[in-house]
Amino acid sequence: MLEINNLNASIGDSHILRGLSLNVSAGEVHAIMGPNGSGKSTLAQVIAGHDDYKVSSGTVNYKGQDLLQLEPEERAREGIFLGFQYPVEIPGVNNAYLLKAAVNAKRKHQGLEEIDAFEFLKLAKEKMAVLDMDPKFLNRGVNEGFSGGEKKRNEILQMAMLEPSLAILDETDSGLDIDALRAVAEGVNALRSPDRAIVLVTHYQRLLDYVEPDFVHVLSDGRIARSGDKSLALQLEEKGYDWVREAVNG
Amino acid sequence: MKSAALSIDTLREVIARLPTKHQEDWKYTDLSSIANIGNQWLDRGAEFASGSEIPDAGTQIQQRIDADWLVVVDGVINEQSLAAMNQPGVSATLVNVSNNKLECNTPLDDLNRALLHDGLCVSVSANTETKKPVGILIIDSSDSPAGMSATRVEIDVAAGSRASFIEFHTSSGVADHYANSVVNLKLGDGSHASYVRIQDREQDHNQTGRTAVSLGRDSELNHCAFDFGGKLVRNDLNIDIAHAGAAATFNGLYLAGGQQHIDNHTRADHRVGPAKSHQEYRGILTGNAQCVWNGKAIVHEGADGTDAEQANHNLLLSAKAEIDAKPELEIYADDVKCSHGTTVGQLDETALFYLRTRGLNRHEAKQVLTRAFAQAIVSKSPIDSLHEFLTEKISGRLGSLMQGTDE
C-alpha cells in the first residue's frame, strides 16, 4: 500500500529524514518509535503533504500513485488519514460540520452521494459510543477548549468516520490518562481490518500494550535503524533509545 | 417632488464645511467625493427622489426579517408603516421639522438637518417588553441622477422596558448616492435595549451615520453593527454613560472588498462609575478595501469603577487591503479596569493544513475559517431571530469577496 524509498526531507535548514525506507501493506499495523528529533513527526507530516517539509530525494508510492504529487486534500480523499500530535483548535467551526464536510469530500471523490443529515448523525453517535465521547461534542467548535484527551478522542472519531485505507497516528497516546488511552486504543482496534493499514508513531511502548503491532521500527537520525516484531518495543522499553544508537554507530 | 427643508444656499454652505483629512477624526476618511456628489446635485436643482413607494429591495427585507417595520424611502417616512405599528406600549410618530433651524452641531449633523424631510420618533413606554423587534428600514432608490437623502430617528426607551430594534440600511439603483443618518437612542433607568444595525447598500452608494446613545442608571445596551455594502461608509457610535450601573456592549463586523472604504469610529464617555463598555469589532478585507477602526474610551475624572474593554481583529486576505486600527484610552480616574487589543493578520496556516488533511481543498478551507472568524460576531449579536439571515448574508458576501483570492 505504502512504499517509501530512500526518502530525504528537510524543514528550513534542518535535514531531518536521511534515506528512510519503509513498506507498509494492507492489514498491517506498524509502530514507529524513536527518540525526540529522530524524524517520526516529520515522516507523518511528509506523508500528509505539509508544505513546510521539502523532499529533496526519494520516492513515496501509495496504492500505485506518486504520493508526493498529490495535494494534502487529494491524499485525504484517497484514503490517507493523519491523526495530529497537536490537534488544531478551530473556534467557530462546528465539529459536526467538519466531520460531515470531510466525509462528503471523500464520498464525492469516490463518486458516491453525500451522506444525509440523519444517516450522518446516527453514524457519528455510534462511533462516539465506542470512544466513550459525549454526543454534545458534535456541537462544539472543532477541538475548542477540549482537554488533551478529548482532542485525541476527537482525532480518532474523525478517523472512524473517514474509514481511511492508511491511518497515521502521530503521538496519539501522548498526554493521555489510562481511561483515554484505553478508549483511543479501542477506537484504533475497531478499525483494524485486512484492507487497512495503521502506522502508530509513538515515543513510548505504552500504547502497544493495547494495540498490538505486527512490526516495530526504530527511527534514529532520520532513518530506520532497526525493525522487528513487538518484542523490539519491549527491548527498547528496557534498554532505552541509546541502545539503538549504540547498535547503529557501533 | 419634495424639496430640501432648508435653502440651497444653506446646503451649499454646510457641504463646504464638511470635515477634511486634516482633522484627526477624519484622517483616513476623505469626504471630498461626498462633497462632489452634493455640489453636482445642488447644481442640478437639488431635487429629491420621490420617496413614494417602497422599492422591491425593501419589501424583500420586510418579508425576510420578522419585525414591525417603519420604512423611510429616499428620506421620506412611509406613513402607512407608521399607522401599522400596533405593538402595545410602542408608538411611532412623524416629527415635522420644517420650522427647525440648523443646530450648528457637527457639519455632518448640520447636513442631516439641512437635508431632512421629516423625522421619526419611536417611544417605548415604561415597563414594556417589545414582542418583536421594531425595525427601521432606510432605503434609497437612487436610479438617476445622483442624489442625497437624510434620516433622523429619535428613540426613547422608558424606564424598566426591554426593547429590541433593527436598523437596516439598503438601497437600489446605480447612480451615485449619499445618505446621512442620525439616530439618538435614550435608555431610561433599568431599561434594556438590543440593537442591531445592518448596512447593505449598493456598491456605488455612500453613507455616513451617527448614533448617539445615552444610558440611564442600571440600563443596558447590547448593540451590534454589520457593514456589508457601500462605497464610502463612515459610522460613528457615541456612548454616553452619565449614570451608575450602566452597561454597554457594542460589537461590529465589516466585510469589504474592491474599492470599499468602511470606517467605524466608536467613542465611550464614562462620566460616572461603576459602569462598563465592552466592544469587539472584526473586519475581513479583500481587494483594495480600506477600513478604519477607531475605538476611543474616555474615563472622566471621578468615574471610578469603570470597566472598559476594546478589541479589534482584522483578517487581511489580499496584499493591497488596508486597515487603520486605533484604540484610544484616556483615563482621568484612579480605580478603573481598561484593556485594549488589536490584531491584523492572515488565516492560520496550521488550521488550513488541518482542514486540508480532512479533505477540504484550500479554497474551501479558507472559506470555512473566514466564515468562522465572522461568525464570532454573529454569535454576540443580541437578536437571535436575525442569526440565520446574518449567517447567510455573510456566507454569500464572503463567497463573492473571496473569488480569486487563492494564490
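Residues numbered from 1 in each chain as written. Chains lettered and ligands numbered in written order. Predicted model: local features only at pLDDT ≥ 70, side-chain atom pairs only at ≥ 80, totals over all residues.

A. Structural view of the overall build of chain B. Tallying secondary structure elements over chain B gives eight helices and 19 strands in all. Its C-alpha atoms put chain B at 65 × 50 × 45 Å along the principal axes. When contacts within chain B are restricted to residue pairs at least 6 apart in sequence, those whose partners lie at least 24 apart make up 82%. (Helix = DSSP H or I, 4+ residues; strand = E, 2+ residues; numbered from the N terminus. Contact = placed C-beta atoms within 7 Å.)

B. Layout of the overall build of chain A. Helix and strand counts for chain A come out as eight helices and twelve strands. Against the globule reference of 18 Å for 250 residues, chain A gives a C-alpha radius of gyration of 18 Å, in line with a compact fold. Counting only C-alpha atoms, chain A reaches 60 × 40 × 35 Å along its principal axes. Here chain A holds 250 residues, and the buried ones make up 44% of them. Across chain A, the fraction of contacts at a sequence separation of at least 24, relative to all contacts at a separation of at least 6, is 71%. (Rg over C-alpha atoms; globule rule 2.2 N^0.38 Å. Buried ≥ 20, exposed ≤ 12 C-beta atoms within 10 Å, placed from the backbone.)

C. Quick peek at the pairing of strand β17 (residues 306–316) of chain B. All names here are of chain B. Relative to β17, strand β15 (residues 275–285) is paired through eleven bridges, and the arrangement is parallel. Each residue of the ladder has a partner; that of K276, found in β17, is D307. Looking at chain direction, β17 and strand β19 (residues 336–345) are connected through ten bridges and run parallel. Its bridge partner being in β19, D307 is matched across the sheet by K337. (Pairing = 2+ DSSP bridges.)

D. Main features of the interface of chain A and chain B. Taken residue by residue, the interface counts 19 residues in chain A and 15 residues in chain B. Secondary structure elements with two or more residues in the side of chain A that touches chain B: α2 (72–77), β7 (90–94) and α3 (95–109) of chain A. It is α3 of chain A that provides the largest number of residues to the side of chain A that touches chain B, a total of five residues. Tallied by class, the residues present in the side of chain A that touches chain B amount to 13 nonpolar, three polar and three charged. (Nonpolar A, V, L, I, M, F, W, Y, C, P; charged D, E, K, R; others polar.)

E. Local environment of unusual backbone geometry. Omega for the bond connecting G273 of chain B with P274 of chain B falls within 30 degrees of zero, at -10°, which places this linkage in the cis form. Tracing the chain through its elements places P274 of chain B in the loop between β14 (261–270) and β15. Its identity is not glycine, yet E171 of chain A carries a phi of approximately 50°, on the positive side. Positionally, E171 of chain A belongs in the loop between β9 (166–170) and α6 (178–191).

F. Up close: the packing of helix α5 (residues 148–162) of chain A against α6 of chain A. Residue and element names in this part refer to chain A. At a minimum axis distance of 10 Å, the contact between α5 and α6 shows a crossing angle of 10°. Here α5 lies roughly parallel to α6, going by the angle between them. In contact with G149, K152, R153, I156, M159 and A160 of α5, α6 contributes A180, A183, V184, G187, V188 and L191. Grouping the amino acids of the contact of α5 with α6 by side-chain chemistry returns eight nonpolar, two polar and two charged. (Axes fitted to C-alpha atoms, helices over the stretch in contact; angles between N-to-C directions. Parallel < 35°, antiparallel > 145°, perpendicular 65-115°, else oblique.)

G. View of the sheet that holds strand β2 (residues 14–24) of chain A. Residue and element names in this part refer to chain A. The four strands lie next to each other as β2-β1-β4-β5, forming an open sheet whose pairing is antiparallel. Taken across any chain shown, the strands that pair with only one partner, and hence form the sheet edges, are β2 and β5 (65–66). With eight bridges joining them, strand β1 (residues 2–11) and strand β4 (residues 53–62) adopt antiparallel strand pairing. Paired with E3 across the strands is N61, a residue of β4.

H. Expanded view of the environment of T29 of chain B. Residue and element names in this part refer to chain B. As for its placement among the helices and strands, T29 is situated in the loop between α1 (8–16) and α2 (32–43). Along the sequence, T29 and I262 sit 233 residues apart, while their C-alpha atoms lie 8.6 Å from each other. Aside from chain neighbours lying at most four places away, what touches T29 is R234, H261, D263 and V292.

I. The nonpolar core, seen in detail. Counting 179 residues, the largest nonpolar core has I168 and L200 of chain A together with L137, A248, L255 and C291 of chain B as its most contacted members. If sequence neighbours within four positions are ignored, C291 of chain B has contacts with Y254, A256, I262, D263, G283, L285 and I323 of chain B. (Core = buried A, V, L, I, M, F, W, Y, C linked by C-beta atoms within 7 Å.)

J. The sheet that holds strand β11 (residues 220–227) of chain B, seen in detail. Residue and element names in this part refer to chain B. The strand order β2-β1-β5-β7-β9-β11-β13-β15-β17-β19 describes an open sheet built from ten strands, whose pairing is mixed. Looking at the sheet topology across the chains shown, the edges are occupied by β2 (76–77) and β19. Pairing of strand β1 (residues 68–73) with β2 involves two bridges; the strand directions are antiparallel. From the neighbouring strand, V72 faces β2, where its bridge partner is I77. Strand contacts of helix α7 (residues 362–378): β11, β13 (247–256), β15 and β17, with the helix running at about 155° to β15, the strand carrying the most contacts.

K. Geometry of the pairing of strand β16 (residues 290–299) of chain B. Residue and element names in this part refer to chain B. Within β16, eight of the ten residues are buried, leaving the element largely enclosed by the surrounding structure. Strand direction decides the pairing type here: β14 and β16, joined by ten bridges, are parallel. Considered in β16, the bridge of A268 is made with A297.

L. Geometry of the environment of L11 of chain B. By the element assignment, L11 of chain B lies in helix α1. Between the C-alpha atoms of L11 of chain B and N39 of chain B, which are 28 residues apart in sequence, the distance is 9.1 Å.

M. Up close: α5 of chain A. Residue and element names in this part refer to chain A. With 15 residues, α5 ought to run about 21 Å at 1.5 Å a step, and its terminal C-alpha atoms sit 21 Å apart, in line with that. Within α5, twelve of the 15 residues are buried, leaving the element largely enclosed by the surrounding structure. Within the span of α5, buried status applies to K151, K152, R153, N154, E155, I156, L157, Q158, M159, A160, M161 and L162. (Expected span 1.5 Å × (residues − 1).)

N. Structural context of the packing of α3 of chain A against α5 of chain A. All names here are of chain A. Viewed as axis vectors pointing N to C, α3 and α5 meet at an angle of 30°, and their least axial separation amounts to 10 Å. Comparing their axes, α5 and α3 come out roughly parallel. Classified by chirality, the crossing of α5 by α3 is right-handed. Taking contact as the criterion, the partners of L99, A102, V103 and K106 in α3 are, on α5, Q158, M161 and L162. (Left-handed = near helix turned anticlockwise from the far one by under 90°.)

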